[in-house]
Amino acid sequence: MRKLGIGKDGKKTDAKKIKEENKKGEPEKLDQKDISEHGKIATAIVSQLEKTSEKSDDESFSEFHKKKKIEADKLVDKYQPTLKKGINLDIKFESPKTDDKDGDVDFEVVIAP
C-alpha cells in the first residue's frame, strides 16, 4: 500500500513535490480562464471517482474506501501539474466509519491556494 503522495517505490510523486513548492512564495494570479479550467478539472475528478462508485460483493467497505483514496491520489498526480504555481488540488474524504454508516464514499475536491 502507498501513502498519499508517495509512489510505491517510496519516492515523492510530482504532485507531492509541487505541493511542497507551492508552500513557498505567493500563488500566481488567476484569471477567468484559470477559474473555468479549475471547474472543469473538479468536474472531471468527481465524474471519474463516481464512475466506479459501487463496491463489489467480495470486498469490505473499508477496502472499497481505500481503493477510492488510491484512485483519488492518482487523479491528484494527474491534475496537480496542470495548475498554476501556488494552487493545490486536494481530494478530502470522510472517515471510513462515517461513510460506512450511509453506505457511500463522500469526498470533496478542493482547488485553491
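Structure's up top.
Analysis parameters
- Residues numbered from 1 in each chain as written.
- Predicted model: local features only at pLDDT ≥ 70, side-chain atom pairs only at ≥ 80, totals over all residues.
- Heavy atoms only, no water.
- Helix = DSSP H or I, 4+ residues; strand = E, 2+ residues; numbered from the N terminus.
- Expected span 1.5 Å × (residues − 1).
- Buried < 20%, exposed > 50% of the residue type's maximum accessible area, 1.4 Å probe, protein only.
- Contact = heavy atoms within 4.5 Å.
- Salt bridge = Lys/Arg side-chain N within 4 Å of Asp/Glu carboxyl O.

## As for helix α3 (residues 61–79)
Reasoning step 1: An ideal rise of 1.5 Å per residue puts 27 Å on 19 residues; α3 measures up with 27 Å between its terminal C-alpha atoms.
Reasoning step 2: Among all positions of α3, only Phe-61, Phe-64, His-65, Lys-68, Glu-71, Ala-72, Asp-73, Leu-75, Val-76 and Tyr-79 are buried.
Reasoning step 3: Along its buried surface, α3 packs onto α1 (14–22), α2 (32–51), β1 (88–93) and α4 (96–102).

## Details of the pattern of salt bridges
Reasoning step 1: For the structure shown, the criterion picks out two salt bridges.
Reasoning step 2: Across the salt bridge formed by Asp-34 and Lys-84, the nearest N and O atoms sit 2.9 Å from each other. With Asp-34 in helix α2 and Lys-84 in the loop between α3 and β1, this pair connects stretches of sequence that are 50 residues apart.
Reasoning step 3: Judged by relative accessible area, which is 14%, Asp-34 ranks as buried.
Reasoning step 4: Between Glu-71 and Lys-68 there is a salt bridge; the shortest N-O distance is 3.0 Å. Of this pair, Glu-71 and Lys-68 both sit in helix α3, separated by three residues, roughly a single helical turn.
Reasoning step 5: Residue Glu-71 is classed as buried on the basis of its relative accessible area, which comes to 18%.

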